[in-house]
Amino acid sequence: MNKALIKSLFKFDFFKLGIILIFFACPLRAYLPTSFIVEFIAIVIFLFCMNSKVGNGIEVKTKRNSITLACVMVVIFILGMLGNYDDFCFKENYRFFVQFVFLAIFINSSYDNERALKIAFWLCVLHIPFTVYELIHINITSPNDFTGLLITGSAMNTYDEDSQYLLPSEDLGFPMLRPFGLMLQPQKSAFVYVFGIVIKYILDKKNHEYKNFWYFLFLAAVIASAGKTAILIAFVLLLAILYNVYPSLNVTKGRMITYVILGIVLLLYLLIHTLQINDGRAQALGDIGNDLVSILNYPTLEAIFGHGIPSVADMENHGFIVESYLARIVLQLGYLPFLLVCYATSKIFKAKEWKLNYIMLWLIFGLMGHYCVLNTPFYQFLLCVIVCFYKQNKF
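Thresholds applied
- In this numbering scheme, every chain counts its residues from 1 along its sequence in written order.
- Where totals are concerned, whole chains, interfaces and linings use all residues; where local detail is concerned, this predicted model gives features only for residues with pLDDT of at least 70, and gives and counts side-chain atom pairs only at 80 or more.
- Note: side-chain values were computed over all heavy atoms of the structure, leaving out hydrogens and water.
- Helix and strand definitions follow DSSP, with helices as H or I runs of at least four residues and strands as E runs of at least two, each counted in order from the N terminus.
- Remark: exposure states derive from per-residue accessible area (1.4 Å probe, protein chains only) relative to the maximum for the residue type, with buried under 20%, exposed over 50%, and partly exposed in between.
- Contact criterion: two residues are considered in contact whenever any of their non-hydrogen atoms come within 4.5 Å of each other.
- Only the protein chains shown count as cover for residues, and all accessible areas are computed by the Shrake-Rupley method using a 1.4 Å probe.
- Angles run from 0 to 180 degrees between N-to-C directions of axes, and those axes are lines fitted to C-alpha atoms, restricted for helices to the stretch in contact.
- Convention used here: angles under 35 degrees read as roughly parallel, angles over 145 as roughly antiparallel, angles from 65 to 115 as roughly perpendicular, and any remaining angle as oblique.
- Left-handed is the label given to a crossing in which the near helix is rotated counterclockwise from the far helix by less than a right angle, and right-handed is the label when the rotation is clockwise.
- Polar contacts, as used here, are pairs of N or O atoms within 3.5 Å; protein pairs need one atom able to donate a hydrogen and one able to accept it. Residues neighboring in sequence count only if both atoms are side-chain atoms.
- Within the patch definition used here, like charges are joined within 9 Å and nonpolar side chains (Val, Leu, Ile, Met, Phe, Trp, Tyr) within 5 Å, considering only residues with over 30% relative accessible area and no salt bridge.
- Throughout this description, the term salt bridge denotes a Lys or Arg side-chain nitrogen within 4 Å of a carboxyl oxygen of Asp or Glu.
- Note on aromatic pairs: the rings of Phe, Tyr and Trp (six-membered ring only in Trp) are paired at centre separations within 6.5 Å, and the planes decide the class, stacked below 30 degrees, edge-to-face beyond 60, tilted for the rest.
- Charge over a ring is defined by NZ of Lys or CZ of Arg lying within 6 Å of the ring centre and within 35 degrees of the ring normal.
- Here the term charged refers only to Asp, Glu, Lys and Arg, the term nonpolar to Ala, Val, Leu, Ile, Met, Phe, Trp, Tyr, Cys and Pro, and the term polar to all other amino acids, Gly among them.
- We call a set of buried Ala, Val, Leu, Ile, Met, Phe, Trp, Tyr and Cys residues a nonpolar core when their side-chain atoms join them within 4.5 Å.

## Looking at the overall build of the chain
Here comes step 1: Within the chain, the regular secondary structure consists of 18 helices and two strands.
Here comes step 2: When the 395 residues of the chain are sorted by exposure, 49% land in the buried category.
Here comes step 3: Taking all contacts inside the chain whose residues are at least 6 apart in sequence as the whole, residues at least 24 apart take part in 74%.
Here comes step 4: For the chain, the computed accessible surface area is about 19500 Å², with 66% contributed by carbon and sulfur atoms.

## Observations regarding the packing of helix 8 (residues 186-207) against helix 10 (residues 228-243)
Here comes step 1: Closest axis-to-axis distance for the helix 8/helix 10 pair is 8 Å, and the angle between their directions is 10°. One way to sum up the angle between helix 8 and helix 10 is to call them roughly parallel. Where helix 8 crosses over helix 10, the handedness of that crossing is left-handed. Contact residues: Gln-187, Ala-190, Phe-191, Val-194, Ile-197, Val-198 and Tyr-201 in helix 8; Lys-228, Thr-229, Ala-230, Ile-233, Ala-234, Leu-237, Leu-238 and Ile-241 in helix 10.

## What about the side chain of Glu-134?
Here comes step 1: By the secondary structure assignment, Glu-134 is in helix 7 (residues 113-141).
Here comes step 2: Polar contacts involving the side chain of Glu-134 include one to the main-chain amide nitrogen of Phe-180, which spans 2.7 Å.
Here comes step 3: Setting aside residues no more than four positions away along its own chain, Glu-134 makes contact with Phe-146, Leu-149, Pro-179, Phe-180 and Gly-181.

## Focus: a nonpolar patch on the surface
Here comes step 1: A contiguous nonpolar surface patch, about 730 Å² in accessible area, is contributed by Phe-40, Ile-43, Val-44, Phe-46, Leu-47, Phe-48 and Met-50.
Here comes step 2: With respect to the helices, strands and loops of the structure, Phe-40 is situated in helix 4 (residues 37-48).

## Some remarks on the environment of Val-194
Here comes step 1: You can see Val-194 is positioned in helix 8.
Here comes step 2: The spacing of Val-194 and Leu-238 is 44 residues in sequence and 9.6 Å in space, taken between C-alpha atoms.

## Considering the packing of aromatic side chains
Here comes step 1: What the rule picks out here adds up to 29 aromatic pairs.
Here comes step 2: Both rings, one in Phe-96 and one in Phe-100, keep their centres 5.3 Å apart while their planes meet at 80°; by these two values the pair is edge-to-face. With a gap of four residues between them, Phe-96 and Phe-100 both fall in helix 6 (residues 87-107), about one helical turn apart. As far as burial versus exposure is concerned, Phe-96 and Phe-100 are alike and both buried.
Here comes step 3: Their ring planes at 40° and their centres at 5.9 Å tell us that Tyr-246 and Tyr-358 sit as a pair that is tilted. On the criterion of sequence distance, the pair formed by Tyr-246 in the loop between helix 10 and helix 11 (253-274) and Tyr-358 in helix 17 (residues 354-368) is long-range, its members being 112 residues apart. The same class applies to Tyr-246 as to Tyr-358, namely buried.
Here comes step 4: Through successive ring pairs, a cluster of aromatic residues spans Phe-36, Phe-77, Tyr-85, Phe-90, Tyr-94, Phe-96, Phe-97 and Phe-100.
Here comes step 5: The positively charged end of Lys-200 is found above the aromatic ring belonging to Tyr-215, 5.2 Å away from the centroid.

## Things to note about the packing of helix 2 (residues 14-23) against helix 18 (residues 377-392)
Here comes step 1: Running from N to C, helix 2 and helix 18 cross one another at 130°; their axes reach a closest spacing of 7 Å. When the axis of helix 2 is compared with that of helix 18, the two are oblique. Residues Ile-19, Ile-22 and Phe-23 of helix 2 pack against Pro-377, Phe-378 and Phe-381 of helix 18.
Here comes step 2: Split by residue class, the contact of helix 2 with helix 18 holds six nonpolar, no polar and no charged.

## Considerations on the pattern of salt bridges
Oppositely charged side chains are able to pair whenever their charged atoms sit close together.
Here comes step 1: Enumeration over the complete set of coordinates arrives at seven salt bridges.
Here comes step 2: Salt-bridge contacts for Asp-87 lead to Lys-91; the nearest nitrogen and oxygen are separated by 3.2 Å. Of the two residues, Asp-87 and Lys-91 are both situated in helix 6; the distance of four residues between them amounts to about one turn of the helix.
Here comes step 3: In this structure, Glu-114 and Lys-206 form a salt bridge, with 2.8 Å as the shortest nitrogen-oxygen distance. With Glu-114 in helix 7 and Lys-206 in helix 8, this pair connects stretches of sequence that are 92 residues apart.
Here comes step 4: Judged by its relative accessible area of 30%, Lys-206 falls in the partly exposed class.
Here comes step 5: The network of salt bridges with common partners includes Glu-114, Lys-118 and Lys-206.

## What to know about helix 15 (residues 325-333)
Here comes step 1: A large share of helix 15 lies buried, amounting to nine of its nine residues.
Here comes step 2: All of the buried residues along helix 15 are Tyr-325, Leu-326, Ala-327, Arg-328, Ile-329, Val-330, Leu-331, Gln-332 and Leu-333.
Here comes step 3: One or two positions beyond helix 15, positive phi appears at Gly-334, with a value near 95°.

## Overview of the nonpolar core
Here comes step 1: Ranked by internal contacts, the top residues of the largest apolar core, which has 115 residues, are Phe-96, Leu-367 and Phe-378.
Here comes step 2: Each residue touching Phe-96, except ones within four places of it in the same chain, is listed here: Met-73, Tyr-325, Ile-329, Leu-333, Met-368 and Leu-374.

## Overview of unusual backbone geometry
Here comes step 1: Look at Val-322: it is not a glycine, yet its phi comes out positive at around 60°.
Here comes step 2: Inspection of the secondary structure assignment puts Val-322 in the loop between helix 14 (312-317) and helix 15.
Here comes step 3: Although it is not a glycine, Lys-394 adopts a positive phi angle of roughly 60°.
Here comes step 4: Tracing the backbone shows Lys-394 in the segment after helix 18.
Here comes step 5: Taking the relative accessible area as the measure of exposure, Lys-394 reaches 40% and is therefore partly exposed.

## Digging into the environment of Thr-131
Here comes step 1: Counting through the fold element by element, Thr-131 comes out in helix 7.
Here comes step 2: By relative accessible area, which is 4% here, Thr-131 ends up buried.
Here comes step 3: Sequence separation between Thr-131 and Val-222 is 91 residues, and the spatial gap between their C-alpha atoms is 9.4 Å.

The following block contains the structure:
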């Protein structure tokens, strides 16, 4: 990251403005209708960057597959609207399906993905001082004063005063109010730093610049954000990036011992922290596992081939805790179509480097496994740009 690049960040142009608007889309919703800002950017790219004469380095097969999958997903989503659903599930599930449309547009365009990632990286860095400022403001200088925060204060008025997110948490071992960040939700804002880690890694691969300082800074920031899923994903990614701790064909004895120890620690953590006593039965599946298994409470054909867009009330009647976005998507698609979609998506997302595939798999799981983090405009945008960037550079 040279000085010329840092200077260029302060020069105004519409390319940069679009990315900044996406980054600030959540707090801006208090003043502007930003719910469909990614759709707007995608339309602009479609109109001005879909130039077949300009090659972007991505294989023709990948381009065709992305368009085909996008069309199929649009049809599936429309068919899913035939059943009974509620506004909550419609909005969140829509974000999953429209992601394939965004991806097809980016893959088939001449959009400058590298420049977009460099701008996004510095936006992730700039989010750190806001996290520090918010932590101090809501915990020390003005306890519980979320609406008095700069930038996000007006948007925080939309939160229910009784929301559990506004109550002290002990996720870091001591009671504290978690910062909501610029994405207006603790878990979502914590993922800013997870994306910062991924962006840093792929830019390093392109530019052959390896500085671990940024990785540890992002790790400290994600811990300060107290988003448990984001912290877990960040640790997994950094173990792979910095210490090559990930499944590979070249597994040494020392690395295998590390895997076994990490597996035991993770298993003990899951057993201790997800053990629940419910109706006299001990359950160690956790919220995500419970929701995925509860799909089997639906009629067999619906569980296998899809229920359509669900509703919260109906899912609760079938045993859902309604804590897993991934489970809601699987329910809508059905187990079999979901596996087929995963297979088709892997063909588009697949990188040549196995480590990068491992990183992307964990990133996507983090965006969907628990909360619907995927519905954050900045992340929908970045996911497309990251895939296009490593496809262009044959990583």
